[in-house]
Amino acid sequence: MINIVKEYRVALPAWIDDELADVPAVVPGREDRMRLVHRLADRNWREGNGGPFAALVAERDTGRIVSVGVNVVLASGVSSAHAEVVALGLAQMATGGWDLGATGLPSHELVVNWRPCVQCYGATLWSGVRTLVVAGEGPELEEITTFDEGPLGADWAEQFEARGIEVVGDVLRDEALAVFRDYRKAVDEADGIVVYNARGGTA
Ligand SMILES: [Zn+2]
């Protein structure tokens, strides 16, 4: 019989508890929700879990926080463990299923500190969220951090809207860039911070 792995685990780091200790269950303001995302993104790379990326899922109308996610590619060893995928998966565990837009559930929004990469674009489309809130879009993320975001079409926002997902942009954009710049500065100054783009091997 072949010997195969039958499960993989993607989990939030332990320090999340400290960061959430003073966060109320309901965060009514969208900027305040983004502020929390920026704080998690900043701590995430400093802790060595993964890149400077974070996300959360909230009930759109009340602001009740359903889940948070950070990029745990390095901590988990799983290349798809981006902040959005983590936040969406945990929100689905919390709400009881794969469709965050299911009948009987409140409308959910995903809040992210930049436009999703090509993978998370798909993950967001299939998640059932009704709203995507991003701090910004544009080439700055790739220019500053050197992460490859993949071949996302120029009509990405229109594609969301066509599927009933409202896109809200430019929420605390400068603050997002500040987190990316701090990360880049640390990469430039220190060894040991891994930009984990695919095809890192030489083969
Ligand atoms: Zn992603």
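Structure: see above.
Residues numbered from 1 in each chain as written. Predicted model: local features only at pLDDT ≥ 70, side-chain atom pairs only at ≥ 80, totals over all residues. Heavy atoms only, no water.

On to the overall build of the chain, then. The secondary structure content of the chain amounts to eight helices and five strands. When the helices and strands of the chain are placed in sequence order, the string is α-α-β-β-α-α-β-α-β-α-α-β-α. Radius of gyration (C-alpha) of the chain: 16 Å, near the 17 Å computed for a compact globule of 203 residues. Projected onto its principal axes, the C-alpha positions of the chain cover 55 × 50 × 40 Å. In the chain, which comprises 203 residues, the share counted as buried stands at 44%. Across the chain, contacts joining residues at least 24 apart in sequence account for 68% of those joining residues at least 6 apart. Carbon and sulfur atoms make up 51% of the accessible area of the chain, which totals about 10,400 Å². Between the averaged position of the 18 positive side-chain charges in the chain and that of its 31 negative side-chain charges there is a distance of 3 Å. (Helix = DSSP H or I, 4+ residues; strand = E, 2+ residues; numbered from the N terminus. Rg over C-alpha atoms; globule rule 2.2 N^0.38 Å. Buried < 20%, exposed > 50% of the residue type's maximum accessible area, 1.4 Å probe, protein only. Contact = heavy atoms within 4.5 Å. Areas by Shrake-Rupley, 256 points an atom, 1.4 Å probe, with all protein chains shown as cover. Lys, Arg positive; Asp, Glu negative; His and termini not counted. Charge placed at Lys NZ, Arg CZ, Asp CG, Glu CD.)

The next point concerns the packing of aromatic side chains. By the definition in use, this model includes seven aromatic pairs. Between Phe-53 and Phe-147, the ring centres sit 5.3 Å apart and the planes meet at 70 degrees, which makes this aromatic pair edge-to-face. With a gap of 94 residues between them, Phe-53 in the loop between helix 2 (30–47) and strand 1 (54–59) and Phe-147 in the loop between helix 6 (140–145) and helix 7 (156–162) connect regions that are remote in the sequence. Relative to Tyr-183, the ring of Phe-147 has its centre 5.9 Å away and its plane inclined at 25 degrees; by these criteria the two rings are stacked. With Phe-147 in the loop between helix 6 and helix 7 and Tyr-183 in helix 8 (residues 173–189), this pair connects stretches of sequence that are 36 residues apart. For Tyr-183, a relative accessible area of 1% translates into the label buried. Taken together, the aromatic side chains of Trp-45, Phe-53, Trp-114, Phe-147, Phe-180 and Tyr-183 make up a single cluster linked through ring pairs. (Phe/Tyr/Trp six-rings, centres within 6.5 Å; stacked < 30°, edge-to-face > 60°.)

Around a metal, the perfect tetrahedron of four donors has angles of 109.5 degrees, and the perfect octahedron of six donors has angles of 90 or 180 degrees. The protein atoms that coordinate the zinc ion are His-82 (ND1), Cys-117 (SG) and Cys-120 (SG), at distances spanning 2.1 to 2.4 Å. Among the residues examined, Cys-117 registers a relative accessible area of 6% and is labelled buried. (Donors = N, O, S within 2.8 Å, 3.2 Å for Na, K, Ca; no water.)

Moving on: the pairing of strand 4 (residues 131–134). Burial along strand 4 is two-sided: the residues Thr-131 and Val-133 and Leu-132 and Val-134 are all buried. One ladder, built from four bridges, connects strand 3 (residues 108–112) with strand 4; its direction is parallel. When the sheet's bridge partners are listed, Glu-109 is paired in strand 4 with Thr-131. A crossover links strand 3 with its parallel partner strand 4, the connecting element being helix 5 (residues 118–125), and its sense is right-handed. Bridge count for strand 4 against strand 5 (residues 166–168) is three bridges, and the pairing is parallel. Across the sheet, residue Thr-131 finds its bridge partner in strand 5, namely Glu-166. (Pairing = 2+ DSSP bridges. Right-handed = clockwise from strand over helix to strand, strands pointing away.)

Okay, unusual backbone geometry next. Positive phi values are uncommon outside glycine, yet Thr-146 reaches one of about 70 degrees. Tracing the chain through its elements places Thr-146 in the loop between helix 6 and helix 7. On the basis of relative accessible area, Thr-146 is assigned to the partly exposed category, the value being 39%. One non-glycine residue, Leu-172, lies in positive phi territory at about 55 degrees. Structurally, Leu-172 is set in the loop between strand 5 and helix 8.

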